Amino acid sequence: MPTFDGGHYFFTGLFPVKLKAECRPNGSWTAPSHILREALATLPNASEYGRPDVRRSPFARCRSTHFARLAVIDDTAFNGRETADAILQAVQGVDLLAHDPVDHLRQPWLIFVVDFDSPDGSDASRDEWARGLWDVMEPELRAVFANCCEFDSVTDGASFARYLARGQIETHLPFNDYWIDPPTIPALGVGRMLAQAGIVLALVLGGAWLIDREWGGGWMLWTAAVLIGIALALYAVYRLILSRGERSWPAAPNSDLKSILKSVYVQQHFTRFAIAQQGASPEALHEAFGRFLAETQPANLEAPTQAAGAVRS
């Protein structure tokens, strides 16, 4: 699946961590990867709403970021030997006690994974989000990314956006759970694929007819043309299927961050409302529901709403 899907941009970036030891203010020396882990450990996660003693995630300051994750990758994971036929390995004389080649990383890497609202999934929208993120959490971003290679060139939001773009890798499997019912997507029918194959085959055979008419070629030319035409037609159908699979799903209704936060807020308060109104008379229920609508304002996405970065309202 693509980096952009369902109205959301799924950014994945890998950034090499410095190797040269650094001196702390107290005079001790340590690896940049250790400083990076300490910086990540001090970043608050989602907090319980109403507790001023618990800090909220700085990513909550960006009103288009749904999820964000930062982690240090020290090395690749070894999953054991490649599976194979035991009988065939015995016949081939494979030494099962000899380990398979194992890949290793030359240095730790910081992985940065983010899901944020995007109108079109373009690089421009990614850069705009990165600049906005820098504006609201520059100190935290500096504390983290300063331990990565070549971050010294970052001085503002624009240079931070370029830095993220350099480390970006394609996201193949984004997490997008806001669609309740599947969207209406035109199916790729057999007729469309046959038409695609027929056009390609007709073009190849038409070229063969022109060659045969001008210079001749006989049965060898036509045999080659048919085989080449079939191969190209099958490849054209294959590319057609891939192109359809690479298309992004449309944005789910009300799946931007403001709408999601408002939905969570209304859902939680409606649950409390339903519990409180058990056994109420129809008249009292009607009056209480009117107060509920006036208090929660379901159509107002700005307020009252779920606080970003909080686990409950």
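Rules of the game
Counting starts from 1 at the beginning of each chain's written sequence and moves along it residue by residue. Reporting in this predicted model follows two pLDDT cut-offs: at least 70 for local features of residues, and 80 or more for side-chain atom pairs to be given and counted; totals over whole chains, interfaces and linings ignore these cut-offs and use all residues. In computing side-chain properties, one takes all heavy atoms of the structure into account and sets aside hydrogens as well as water. Runs of H or I in DSSP of at least four residues are treated as helices and runs of E of at least two as strands, each being numbered from the N terminus. Contacts between residues were defined by any pair of non-hydrogen atoms, one from each residue, lying within 4.5 Å. Remark: exposure states derive from per-residue accessible area (1.4 Å probe, protein chains only) relative to the maximum for the residue type, with buried under 20%, exposed over 50%, and partly exposed in between. Aromatic pairing here means that ring centres of Phe, Tyr or Trp (its six-membered ring) are within 6.5 Å. Orientation follows from the plane angle: under 30 degrees is stacked, over 60 is edge-to-face, and everything else is tilted.

## Focus on the environment of Leu141
So, step 1. Tracing the chain through its elements places Leu141 in helix 3 (residues 123-145).
So, step 2. Taking C-alpha positions, Leu141 is 33 Å from Arg247, a pair spaced 106 residues apart along the chain.
So, step 3. The contacts of Leu141, once residues within four sequence positions are left out, are Leu133, Trp134, Ala146, Phe151 and Phe160.

## A closer look at the environment of Ile185
So, step 1. You can see Ile185 is positioned in the loop between strand 7 (168-169) and helix 5 (190-214).
So, step 2. In this structure Ile185 comes out as partly exposed when scored by relative accessible area, which is 44%.

## A word on the side chain of Ser255
So, step 1. Counting through the fold element by element, Ser255 comes out in the loop between helix 6 (218-245) and helix 7 (257-276).
So, step 2. The residues touching Ser255, leaving out its near neighbours within four places in the chain, are Gly6, His8, His66, Asp117, Tyr178 and Ile260.

## What about the packing of aromatic side chains?
So, step 1. Tallying each qualifying case throughout the model produces 21 aromatic pairs.
So, step 2. Look at Phe116 and Trp129: their rings are 4.2 Å apart centre to centre, the planes differ by 0 degrees, and that puts the pair in the stacked class. You can see Phe116 sitting in strand 6 (residues 109-117) and its partner Trp129 sitting in helix 3, a full 13 residues away along the chain. There is no split in this pair, since Phe116 and Trp129 are both buried.
So, step 3. An aromatic cluster is built from Tyr9, Phe11, Phe15, Phe59, Phe112, Phe116, Trp129, Trp134, Phe145, Phe151, Phe160 and Tyr163, whose rings are joined through pairwise contacts.

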